[in-house]
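What follows is each chain in one-letter form.
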Amino acid sequence: FRRFSSFRVVLMPGDGIGPEVANSVVDIFDAAQVPISWVHADLINKSAKPGEDPFNRDTLCQIREHKIGLKGPTGTPIGGGHVSLNVHLRRELDLYANVRPCKTVPGVRTVYENVDLVTIRENTEGEYSGKEHEVIPGVIENLKIVSERACLRIARYAFDYCEKYGRSKVHAFHKASVMKMGDGLFLKKVREIAKLHPKVPYFEKNMDTGCGILVSNPSNFDVMVMPNLYGDIVSDVCAGLIGGLGLTPSANIGEEHAIFEAVHGSAPDIAGKNLANPTALLFSSIMMLKHLNLLEHAEKIEKAIHSVLVEGTVRTGDLGGRSKTTEYTKAIIDKIKG
Ligand code: NAD
(Lines give C-alpha, C1' and ligand atoms only; values in the text may rest on other atoms or scores of the structure.)
Protein backbone atom coordinates (compact mmCIF):
# COMPACT_ATOMS: atom_id res chain seq x y z
CA PHE A 1 0.00 0.00 0.00
CA ARG A 2 2.95 2.33 0.53
CA ARG A 3 3.13 3.60 -3.04
CA PHE A 4 -0.25 5.34 -2.79
CA SER A 5 -0.33 8.89 -1.46
CA SER A 6 -4.11 8.90 -0.93
CA PHE A 7 -6.42 5.99 -0.26
CA ARG A 8 -10.06 5.51 -1.06
CA VAL A 9 -11.95 3.80 1.72
CA VAL A 10 -15.58 2.71 1.51
CA LEU A 11 -17.42 4.15 4.51
CA MET A 12 -20.63 2.38 5.52
CA PRO A 13 -22.08 4.23 8.54
CA GLY A 14 -24.78 1.59 9.18
CA ASP A 15 -27.79 1.84 11.50
CA GLY A 16 -28.62 3.17 14.96
CA ILE A 17 -25.57 4.89 16.46
CA GLY A 18 -23.58 4.02 13.31
CA PRO A 19 -23.89 7.43 11.60
CA GLU A 20 -23.04 9.26 14.84
CA VAL A 21 -19.83 7.31 15.47
CA ALA A 22 -18.90 7.36 11.76
CA ASN A 23 -19.22 11.18 11.73
CA SER A 24 -16.84 11.32 14.64
CA VAL A 25 -14.23 9.30 12.71
CA VAL A 26 -14.63 11.48 9.62
CA ASP A 27 -14.18 14.71 11.62
CA ILE A 28 -11.16 13.36 13.50
CA PHE A 29 -9.52 12.07 10.29
CA ASP A 30 -10.05 15.53 8.76
CA ALA A 31 -8.38 17.17 11.75
CA ALA A 32 -5.45 14.73 11.59
CA GLN A 33 -5.17 15.28 7.82
CA VAL A 34 -5.27 11.57 7.09
CA PRO A 35 -4.69 11.02 3.36
CA ILE A 36 -7.94 9.14 2.85
CA SER A 37 -10.93 10.00 0.74
CA TRP A 38 -14.19 8.37 1.71
CA VAL A 39 -16.48 6.57 -0.69
CA HIS A 40 -19.85 6.82 1.04
CA ALA A 41 -21.96 3.70 0.76
CA ASP A 42 -24.81 1.83 2.37
CA LEU A 43 -24.77 -1.89 3.08
CA ILE A 44 -28.51 -2.16 3.01
CA ASN A 45 -30.49 -1.71 -0.19
CA LYS A 46 -33.13 0.70 1.13
CA SER A 47 -35.31 0.36 -1.97
CA ALA A 48 -35.60 -3.46 -1.60
CA LYS A 49 -39.20 -4.56 -1.24
CA PRO A 50 -40.21 -7.23 1.31
CA GLY A 51 -38.86 -10.57 0.12
CA GLU A 52 -36.16 -8.95 -2.05
CA ASP A 53 -32.46 -9.15 -1.24
CA PRO A 54 -31.69 -6.28 1.19
CA PHE A 55 -27.98 -6.54 0.48
CA ASN A 56 -26.65 -3.62 -1.55
CA ARG A 57 -24.72 -5.09 -4.49
CA ASP A 58 -23.37 -1.65 -5.53
CA THR A 59 -21.63 -1.33 -2.18
CA LEU A 60 -20.11 -4.74 -2.65
CA CYS A 61 -18.70 -3.59 -6.02
CA GLN A 62 -17.26 -0.47 -4.37
CA ILE A 63 -15.48 -2.59 -1.75
CA ARG A 64 -14.21 -5.00 -4.41
CA GLU A 65 -12.77 -2.00 -6.25
CA HIS A 66 -11.22 -0.11 -3.32
CA LYS A 67 -10.36 -3.16 -1.17
CA ILE A 68 -10.78 -1.40 2.20
CA GLY A 69 -13.91 -0.53 4.13
CA LEU A 70 -14.84 1.05 7.45
CA LYS A 71 -18.22 -0.07 8.68
CA GLY A 72 -20.67 1.02 11.35
CA PRO A 73 -23.04 -1.53 12.92
CA THR A 74 -26.05 -2.90 11.09
CA GLY A 75 -29.14 -4.06 12.92
CA THR A 76 -30.32 -7.60 12.22
CA PRO A 77 -33.92 -8.73 12.74
CA ILE A 78 -34.14 -11.48 15.36
CA GLY A 79 -35.88 -14.78 14.61
CA GLY A 80 -36.92 -13.89 11.06
CA GLY A 81 -36.45 -11.31 8.31
CA HIS A 82 -33.29 -11.07 6.24
CA VAL A 83 -29.98 -12.80 6.83
CA SER A 84 -27.42 -10.77 8.78
CA LEU A 85 -25.82 -8.30 6.37
CA ASN A 86 -22.56 -8.71 8.27
CA VAL A 87 -22.54 -12.45 7.75
CA HIS A 88 -23.45 -11.88 4.09
CA LEU A 89 -20.60 -9.40 3.61
CA ARG A 90 -18.04 -11.64 5.28
CA ARG A 91 -19.09 -14.57 3.13
CA GLU A 92 -19.22 -12.61 -0.16
CA LEU A 93 -15.73 -11.16 0.32
CA ASP A 94 -14.41 -14.26 2.05
CA LEU A 95 -13.26 -12.19 5.03
CA TYR A 96 -12.10 -15.28 6.86
CA ALA A 97 -10.32 -13.79 9.88
CA ASN A 98 -12.05 -11.62 12.44
CA VAL A 99 -9.40 -10.00 14.61
CA ARG A 100 -10.53 -8.41 17.89
CA PRO A 101 -7.81 -6.89 20.06
CA CYS A 102 -8.73 -5.93 23.62
CA LYS A 103 -6.13 -3.86 25.38
CA THR A 104 -6.50 -1.84 28.57
CA VAL A 105 -7.24 1.75 27.59
CA PRO A 106 -5.31 4.39 29.56
CA GLY A 107 -7.64 6.35 31.83
CA VAL A 108 -10.38 3.69 31.86
CA ARG A 109 -10.48 1.90 35.21
CA THR A 110 -11.49 -1.76 35.13
CA VAL A 111 -11.18 -4.77 37.43
CA TYR A 112 -7.94 -5.91 35.79
CA GLU A 113 -4.98 -3.77 34.73
CA ASN A 114 -2.81 -4.39 31.70
CA VAL A 115 -5.22 -6.63 29.82
CA ASP A 116 -3.83 -7.32 26.35
CA LEU A 117 -5.70 -10.00 24.43
CA VAL A 118 -6.41 -10.74 20.80
CA THR A 119 -9.30 -12.96 19.73
CA ILE A 120 -8.92 -14.40 16.24
CA ARG A 121 -12.23 -15.80 15.15
CA GLU A 122 -13.00 -17.95 12.11
CA ASN A 123 -15.41 -15.74 10.25
CA THR A 124 -17.00 -17.64 7.40
CA GLU A 125 -18.56 -20.87 8.64
CA GLY A 126 -19.10 -22.82 11.88
CA GLU A 127 -22.39 -22.07 13.60
CA TYR A 128 -22.95 -18.97 11.45
CA SER A 129 -23.14 -20.81 8.13
CA GLY A 130 -26.80 -19.80 7.91
CA LYS A 131 -27.79 -23.39 7.16
CA GLU A 132 -30.86 -24.09 9.26
CA HIS A 133 -34.22 -25.55 8.46
CA GLU A 134 -37.30 -27.06 10.02
CA VAL A 135 -37.07 -30.85 9.86
CA ILE A 136 -40.60 -31.43 11.15
CA PRO A 137 -42.84 -28.87 12.87
CA GLY A 138 -41.21 -27.93 16.15
CA VAL A 139 -37.78 -29.32 15.28
CA ILE A 140 -35.05 -27.17 13.78
CA GLU A 141 -31.78 -28.45 12.42
CA ASN A 142 -29.01 -25.84 12.56
CA LEU A 143 -25.84 -26.95 10.86
CA LYS A 144 -22.35 -26.14 12.06
CA ILE A 145 -20.01 -26.41 9.11
CA VAL A 146 -16.34 -27.06 9.75
CA SER A 147 -13.99 -27.40 6.79
CA GLU A 148 -10.35 -28.35 6.74
CA ARG A 149 -9.57 -25.36 4.50
CA ALA A 150 -11.15 -22.79 6.84
CA CYS A 151 -9.51 -24.31 9.93
CA LEU A 152 -6.09 -24.31 8.31
CA ARG A 153 -6.24 -20.74 7.13
CA ILE A 154 -7.52 -19.28 10.41
CA ALA A 155 -4.82 -21.23 12.26
CA ARG A 156 -2.17 -19.94 9.85
CA TYR A 157 -3.48 -16.41 10.32
CA ALA A 158 -3.28 -16.72 14.13
CA PHE A 159 0.29 -18.01 14.19
CA ASP A 160 1.46 -15.51 11.57
CA TYR A 161 -0.21 -12.72 13.56
CA CYS A 162 1.50 -13.89 16.74
CA GLU A 163 4.91 -13.77 15.05
CA LYS A 164 4.31 -10.55 13.10
CA TYR A 165 3.17 -8.57 16.14
CA GLY A 166 5.62 -10.13 18.63
CA ARG A 167 2.91 -11.72 20.75
CA SER A 168 3.82 -14.39 23.30
CA LYS A 169 1.59 -17.44 22.71
CA VAL A 170 -1.44 -18.92 20.98
CA HIS A 171 -4.36 -20.69 22.64
CA ALA A 172 -6.95 -22.63 20.66
CA PHE A 173 -10.44 -22.55 22.24
CA HIS A 174 -12.65 -25.52 21.39
CA LYS A 175 -15.23 -27.98 22.61
CA ALA A 176 -13.79 -31.07 20.97
CA SER A 177 -14.69 -33.13 24.03
CA VAL A 178 -18.35 -32.88 22.93
CA MET A 179 -18.21 -31.94 19.24
CA LYS A 180 -15.65 -34.58 18.51
CA MET A 181 -15.78 -34.40 14.74
CA GLY A 182 -16.36 -30.67 14.10
CA ASP A 183 -14.20 -29.11 16.81
CA GLY A 184 -11.99 -32.21 16.59
CA LEU A 185 -11.14 -31.26 13.00
CA PHE A 186 -10.54 -27.64 14.04
CA LEU A 187 -8.11 -28.73 16.74
CA LYS A 188 -6.33 -31.20 14.48
CA LYS A 189 -5.67 -28.51 11.87
CA VAL A 190 -4.53 -25.92 14.43
CA ARG A 191 -2.08 -28.51 15.80
CA GLU A 192 -0.70 -29.09 12.29
CA ILE A 193 -0.01 -25.37 11.90
CA ALA A 194 1.38 -25.11 15.46
CA LYS A 195 3.99 -27.72 14.54
CA LEU A 196 5.20 -25.42 11.74
CA HIS A 197 5.76 -22.63 14.31
CA PRO A 198 7.85 -24.35 16.99
CA LYS A 199 8.93 -21.04 18.54
CA VAL A 200 5.35 -20.00 19.31
CA PRO A 201 4.14 -21.57 22.59
CA TYR A 202 0.84 -23.28 21.83
CA PHE A 203 -1.91 -24.34 24.25
CA GLU A 204 -5.50 -25.58 24.08
CA LYS A 205 -8.48 -24.83 26.31
CA ASN A 206 -11.98 -26.14 26.42
CA MET A 207 -14.24 -23.18 25.64
CA ASP A 208 -16.00 -23.26 29.05
CA THR A 209 -12.82 -23.66 31.10
CA GLY A 210 -11.13 -20.99 29.01
CA CYS A 211 -13.92 -18.47 29.67
CA GLY A 212 -13.68 -19.12 33.41
CA ILE A 213 -9.93 -18.45 33.40
CA LEU A 214 -10.36 -15.45 31.12
CA VAL A 215 -12.52 -13.60 33.65
CA SER A 216 -10.46 -14.65 36.69
CA ASN A 217 -6.97 -14.24 35.25
CA PRO A 218 -6.87 -12.73 31.75
CA SER A 219 -3.07 -12.55 31.74
CA ASN A 220 -3.08 -16.31 31.17
CA PHE A 221 -3.91 -15.62 27.55
CA ASP A 222 -2.48 -13.64 24.65
CA VAL A 223 -3.63 -14.64 21.14
CA MET A 224 -6.72 -16.88 21.14
CA VAL A 225 -7.92 -18.61 17.98
CA MET A 226 -11.35 -20.22 17.75
CA PRO A 227 -14.41 -21.14 15.67
CA ASN A 228 -16.97 -18.51 14.75
CA LEU A 229 -19.55 -18.56 17.57
CA TYR A 230 -17.00 -18.99 20.36
CA GLY A 231 -15.04 -16.03 18.98
CA ASP A 232 -18.16 -13.88 18.95
CA ILE A 233 -18.79 -14.62 22.62
CA VAL A 234 -15.21 -14.58 23.89
CA SER A 235 -14.46 -11.24 22.25
CA ASP A 236 -17.45 -9.64 24.02
CA VAL A 237 -16.17 -11.10 27.31
CA CYS A 238 -12.79 -9.52 26.52
CA ALA A 239 -14.55 -6.23 25.74
CA GLY A 240 -16.07 -6.34 29.23
CA LEU A 241 -12.60 -6.78 30.71
CA ILE A 242 -11.33 -3.50 29.24
CA GLY A 243 -14.39 -1.31 29.83
CA GLY A 244 -17.12 -2.41 27.47
CA LEU A 245 -18.30 -2.44 23.90
CA GLY A 246 -17.71 1.29 23.42
CA LEU A 247 -13.98 0.60 23.31
CA THR A 248 -13.46 -2.55 21.27
CA PRO A 249 -12.38 -2.56 17.64
CA SER A 250 -12.18 -5.32 15.07
CA ALA A 251 -10.95 -6.15 11.60
CA ASN A 252 -12.39 -8.60 9.09
CA ILE A 253 -9.51 -9.74 6.94
CA GLY A 254 -9.59 -11.64 3.65
CA GLU A 255 -6.95 -12.43 1.03
CA GLU A 256 -7.80 -9.27 -0.93
CA HIS A 257 -10.12 -7.13 1.15
CA ALA A 258 -10.36 -5.85 4.69
CA ILE A 259 -13.30 -4.32 6.54
CA PHE A 260 -12.81 -2.61 9.88
CA GLU A 261 -15.68 -2.19 12.34
CA ALA A 262 -16.49 -1.82 16.01
CA VAL A 263 -17.48 -4.97 17.88
CA HIS A 264 -20.65 -3.33 19.19
CA GLY A 265 -24.04 -3.31 17.51
CA SER A 266 -26.36 -0.47 16.53
CA ALA A 267 -27.33 0.28 20.18
CA PRO A 268 -30.96 1.21 19.42
CA ASP A 269 -31.46 2.26 23.08
CA ILE A 270 -29.18 5.30 22.66
CA ALA A 271 -29.36 5.87 18.89
CA GLY A 272 -29.89 9.43 17.68
CA LYS A 273 -29.25 10.92 21.15
CA ASN A 274 -25.62 11.98 20.69
CA LEU A 275 -24.68 9.61 23.54
CA ALA A 276 -22.65 6.92 21.75
CA ASN A 277 -19.00 6.38 22.46
CA PRO A 278 -17.18 6.54 19.10
CA THR A 279 -13.92 5.11 20.51
CA ALA A 280 -14.53 1.56 19.28
CA LEU A 281 -14.97 2.71 15.69
CA LEU A 282 -12.06 5.11 16.12
CA PHE A 283 -9.83 2.26 17.34
CA SER A 284 -11.07 0.18 14.37
CA SER A 285 -10.09 3.03 12.06
CA ILE A 286 -6.66 3.12 13.73
CA MET A 287 -6.30 -0.61 12.97
CA MET A 288 -7.17 0.33 9.39
CA LEU A 289 -4.51 3.05 9.29
CA LYS A 290 -1.92 0.56 10.55
CA HIS A 291 -3.06 -1.91 7.90
CA LEU A 292 -2.50 0.83 5.29
CA ASN A 293 0.89 1.63 6.81
CA LEU A 294 -0.24 5.13 7.80
CA LEU A 295 1.50 4.68 11.10
CA GLU A 296 2.13 8.32 12.00
CA HIS A 297 -1.51 9.23 11.56
CA ALA A 298 -2.55 6.18 13.56
CA GLU A 299 -0.25 7.17 16.40
CA LYS A 300 -1.35 10.80 16.38
CA ILE A 301 -5.05 9.90 16.71
CA GLU A 302 -4.42 7.15 19.27
CA LYS A 303 -2.38 9.52 21.46
CA ALA A 304 -5.12 12.15 21.31
CA ILE A 305 -7.80 9.63 22.38
CA HIS A 306 -5.64 8.33 25.24
CA SER A 307 -4.89 11.82 26.40
CA VAL A 308 -8.60 12.78 26.52
CA LEU A 309 -9.46 9.60 28.41
CA VAL A 310 -6.59 10.01 30.88
CA GLU A 311 -7.66 13.59 31.64
CA GLY A 312 -11.10 12.12 32.26
CA THR A 313 -13.18 15.31 32.14
CA VAL A 314 -14.75 14.61 28.75
CA ARG A 315 -16.12 11.10 28.39
CA THR A 316 -19.33 9.43 27.30
CA GLY A 317 -21.96 7.86 29.56
CA ASP A 318 -20.82 4.26 29.09
CA LEU A 319 -17.51 5.27 30.72
CA GLY A 320 -19.19 7.09 33.58
CA GLY A 321 -19.10 10.55 31.99
CA ARG A 322 -21.81 12.98 30.87
CA SER A 323 -20.36 14.20 27.57
CA LYS A 324 -22.07 13.98 24.22
CA THR A 325 -20.52 12.12 21.28
CA THR A 326 -19.78 15.45 19.60
CA GLU A 327 -18.17 16.95 22.73
CA TYR A 328 -15.87 13.95 23.07
CA THR A 329 -15.02 14.16 19.36
CA LYS A 330 -14.20 17.85 19.70
CA ALA A 331 -11.94 17.15 22.70
CA ILE A 332 -9.96 14.66 20.60
CA ILE A 333 -9.76 17.13 17.71
CA ASP A 334 -8.47 19.83 20.08
CA LYS A 335 -5.70 17.47 21.22
CA ILE A 336 -4.77 16.66 17.62
CA LYS A 337 -4.61 20.32 16.69
CA GLY A 338 -2.59 20.91 19.88
P1 NAD B 1 -25.33 -3.49 21.06
O2 NAD B 1 -23.85 -3.66 21.00
O3 NAD B 1 -25.95 -2.65 20.00
O4 NAD B 1 -25.73 -2.84 22.48
C5 NAD B 1 -25.47 -3.48 23.72
C6 NAD B 1 -25.41 -2.42 24.85
O7 NAD B 1 -24.16 -1.72 24.72
C8 NAD B 1 -26.51 -1.37 24.74
O9 NAD B 1 -26.89 -1.01 26.04
C10 NAD B 1 -25.84 -0.19 24.04
O11 NAD B 1 -26.37 1.07 24.40
C12 NAD B 1 -24.39 -0.32 24.54
N13 NAD B 1 -23.45 0.17 23.52
C14 NAD B 1 -23.07 -0.48 22.40
N15 NAD B 1 -22.22 0.27 21.70
C16 NAD B 1 -22.05 1.40 22.40
C17 NAD B 1 -21.29 2.58 22.17
N18 NAD B 1 -20.50 2.75 21.09
N19 NAD B 1 -21.36 3.58 23.08
C20 NAD B 1 -22.12 3.46 24.18
N21 NAD B 1 -22.86 2.35 24.46
C22 NAD B 1 -22.82 1.34 23.57
O23 NAD B 1 -25.95 -4.95 21.08
P24 NAD B 1 -27.48 -5.39 20.83
O25 NAD B 1 -28.40 -4.45 21.52
O26 NAD B 1 -27.51 -6.83 21.19
O27 NAD B 1 -27.68 -5.28 19.26
C28 NAD B 1 -28.41 -4.24 18.62
C29 NAD B 1 -28.43 -4.52 17.13
O30 NAD B 1 -27.10 -4.48 16.60
C31 NAD B 1 -29.00 -5.89 16.77
O32 NAD B 1 -29.81 -5.75 15.63
C33 NAD B 1 -27.77 -6.72 16.42
O34 NAD B 1 -28.04 -7.73 15.49
C35 NAD B 1 -26.88 -5.66 15.83
N36 NAD B 1 -25.42 -5.97 15.88
C37 NAD B 1 -24.69 -5.59 14.82
C38 NAD B 1 -23.32 -5.79 14.84
C39 NAD B 1 -22.52 -5.37 13.65
O40 NAD B 1 -23.04 -4.74 12.76
N41 NAD B 1 -21.23 -5.67 13.60
C42 NAD B 1 -22.70 -6.36 15.96
C43 NAD B 1 -23.50 -6.70 17.06
C44 NAD B 1 -24.87 -6.51 17.01
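Because the structure is a prediction, the values reported are computed rather than measured.

Colleague: What is the right way to read the pairing of strand β12 (residues 258–262) from this model?
Modeller: Moving residue by residue along a regular strand, the side chains alternate between the two faces of the sheet. Judged by how many residues are buried, β12 sits mostly within the fold: five of five residues are covered. Here β12 shows two buried faces, one formed by A258, F260 and A262 and the other by I259 and E261. Judged from the four bridges that link them, strand β3 (residues 68–71) and β12 form a sheet pairing that is parallel. Of the residues in β12, the one forming a bridge with I68 is A258.

Colleague: What's the story with unusual backbone geometry in this structure? I'm lost.
Modeller: For Q33, which is not glycine, the phi torsion reads 50 degrees and is therefore positive. Among the structural elements, Q33 can be located in the loop between α1 (18–31) and β2 (36–40). Of note, the phi angle at N114 is positive, near 55 degrees, even though the residue is not glycine. Note that N114 resides in the loop between β4 (97–103) and β5 (116–122).

Colleague: What is the right way to look at the nonpolar core in this model?
Modeller: As a rule of thumb, nonpolar side chains are buried together in soluble globular proteins. Formed by 84 residues in total, the largest nonpolar core has its most connected members in I120, I154, A158, M224 and V225. Aside from chain neighbours lying at most four places away, what touches A158 is I120, V170, V223 and V225.

Colleague: Would you mind showing me how to read the pairing of β2 here?
Modeller: Pairing between strand β1 (residues 7–12) and β2: five bridges, direction parallel. Bridging from a neighbouring strand, F7 pairs with I36 of β2.

Colleague: How do you make sense of the packing of helix α8 (residues 279–291) against helix α9 (residues 295–311) when you look at a structure like this?
Modeller: A pair of packed helices is captured by two measures, namely the crossing angle of their axes and the spacing between those axes. Closest axis-to-axis distance for the α8/α9 pair is 8 Å, and the angle between their directions is 160 degrees. On the basis of their axis angle, the class for α8 and α9 is roughly antiparallel. Crossing angle aside, the handedness with which α8 passes α9 is left-handed. Along its contact with α8, which presents T279, L282, I286, L289 and K290, the element α9 presents L295, H297, A298, I301, E302 and I305. For the contact of α8 with α9, a count of residues per class yields seven nonpolar, two polar and two charged.

Colleague: What should I look at first to understand α8 in this one?
Modeller: An α-helix turns once per 3.6 residues; consequently, residues spaced three or four apart project the same way. The end-to-end C-alpha separation of α8 is 18 Å, in line with the 18 Å expected for 13 residues at 1.5 Å each. With eleven of its 13 residues buried, α8 lies for the most part within the structure. Among the residues of α8, T279, A280, L281, L282, F283, S284, S285, I286, M287, M288 and L289 are the ones counted as buried. Against α1, β3, β11 (249–253), β12 and α9 lie the buried residues of α8. Of the residues one or two after α8, N293 is the one with positive phi, at around 65 degrees.

Colleague: How should I be thinking about the packing of helix α6 (residues 207–216) against helix α7 (residues 228–242) in this particular structure?
Modeller: The geometry of α6 relative to α7 is characterised by a closest axis approach of 11 Å and an angle of 10 degrees between their N-to-C directions. Relative to α7, α6 is oriented roughly parallel. Crossing hand, α6 versus α7: right-handed. The segment α6 lies against α7, with M207, C211, L214 and V215 engaging Y230, V234 and V237. Along the lines of polarity and charge, the residues of the contact of α6 with α7 split into seven nonpolar, no polar and no charged.

Thresholds, definitions, all that
Residues numbered from 1 in each chain as written. Predicted model: local features only at pLDDT ≥ 70, side-chain atom pairs only at ≥ 80, totals over all residues. Buried ≥ 20, exposed ≤ 12 C-beta atoms within 10 Å, placed from the backbone. Helix = DSSP H or I, 4+ residues; strand = E, 2+ residues; numbered from the N terminus. Pairing = 2+ DSSP bridges. Core = buried A, V, L, I, M, F, W, Y, C linked by C-beta atoms within 7 Å. Contact = placed C-beta atoms within 7 Å. Axes fitted to C-alpha atoms, helices over the stretch in contact; angles between N-to-C directions. Parallel < 35°, antiparallel > 145°, perpendicular 65-115°, else oblique. Left-handed = near helix turned anticlockwise from the far one by under 90°. Nonpolar A, V, L, I, M, F, W, Y, C, P; charged D, E, K, R; others polar. Expected span 1.5 Å × (residues − 1).

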